[in-house]
Amino acid sequence: MGLFDAFKKKDSYVESVMKAAEQGVGPAQALLGSMYYLGKGVTQDYKESVRWFRLAAEQGEADAQFGLGDVYDLGHGVIQDYKESVRWYRLAAEQGDALAQHNLGLKYSEGKGVAQDHEESVKWYRSAADQGYVNAQYNLGFMYRNGHGVTQDYKESVRWFRLAAKQGHAGAQHHLGSLYDEGNGVVQNYVLAHMWYSLASSNGSEGGNEDRDLIAKEMTPAQISKAQDMARECVKKNYKNCD
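Residues numbered from 1 in each chain as written. Predicted model: local features only at pLDDT ≥ 70, side-chain atom pairs only at ≥ 80, totals over all residues. Heavy atoms only, no water.

Peer 1: Would you mind going over the state of the cysteines with me for this structure?
Peer 2: Throughout this description, disulfide means a covalent bond between two cysteine sulfur atoms. This model, assessed by the stated rule, comprises one disulfide. Here cysteine 234 is linked by a disulfide to cysteine 242, with a sulfur-sulfur distance of 2.0 Å. One quick way to see it: the torsion about the S-S bond of cysteine 234 and cysteine 242 is about 90 degrees, and its sign makes the bridge right-handed. Judged by its relative accessible area of 0%, cysteine 234 falls in the buried class. Under the relative-accessibility criterion, cysteine 242 is labelled buried at 9%. (Disulfide = S-S within 2.5 Å. Buried < 20%, exposed > 50% of the residue type's maximum accessible area, 1.4 Å probe, protein only.)

Here you go:
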């Protein structure tokens, strides 16, 4: 989904994709499905998206299998069907598609389309997280923090939240702040907690402001000033090596 961005205003490119798709070229079918799904280069049409995704998915195209998983998950162009969603996510996940692995993990966590199984959820989150997929890193941190599907391990939780926080994930930044606040998995440090709360808040995390203001009541003016300086520096460093 994105191979066509540079060409989306060129009718000849869209025509070429359509021609290749009609000739049975799997990657072109998957691309055309994405174009219809997103409304890029063509008028958005979920049913056409489903048609082309299915043709490509049946040829084993992982992107299209993931796309079919999504449309069944969301009910776009088809009747919502979590079992079908899981079926297609699994096929893509087994081919190493990180987004499909994450979404399959989410389905196991929620018990939608499959029996709830936190251990299976962790397995698929980890596969996606190891590929650097930020939402999977965040969810894996959450599983370790709460002991869902794994033995509760705050240090592992910190590790995964930090990886997601470095990618700018507001929820992970918030959780990392609270772990520093509580001293779970790390040495308690109000300055770092304040810093991560501030960053989370600026990135849209609900509650980041509130938690930052609460912890500020336990800090000296000098500590607050230091935390604010560290937050600004962290942004400049694109959230890398901030703690």
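Peer 1: Looking at this structure, how should I read unusual backbone geometry?
Peer 2: Most of the time, phi is negative for any residue but glycine, and the peptide bond is trans. The phi dihedral of asparagine 238 falls on the positive side, at around 55 degrees, and the residue is not glycine. By secondary structure assignment, the location of asparagine 238 is in the segment after α13 (221-236). (Helix = DSSP H or I, 4+ residues; strand = E, 2+ residues; numbered from the N terminus.)

Peer 1: What's the story with the pattern of salt bridges in this structure? I'm lost.
Peer 2: Oppositely charged side chains are able to pair whenever their charged atoms sit close together. Throughout the structure, instances matching the rule amount to 11 salt bridges. Lysine 107 is the partner of glutamate 110 in a salt bridge, and the nearest nitrogen-oxygen pair spans 3.6 Å. With glutamate 110 and lysine 107 both in helix α6 (residues 98-110) and three residues apart, this pair spans about one turn of that helix. Of the residues examined, glutamate 110 reaches a relative accessible area of 38% and is grouped as partly exposed. Of the charged contacts, one joins arginine 162 and aspartate 243 as a salt bridge, the two residues approaching to 3.1 Å between their closest N and O atoms. Here aspartate 243 lies in the segment after α13 and arginine 162 lies in helix α9 (residues 154-166), a separation of 81 residues in the sequence. For arginine 162, a relative accessible area of 22% translates into the label partly exposed. Given the relative accessible area of 35%, aspartate 243 is considered partly exposed. The structure contains a network of salt bridges with shared partners spanning Asp73, Lys107 and Glu110. (Salt bridge = Lys/Arg side-chain N within 4 Å of Asp/Glu carboxyl O.)

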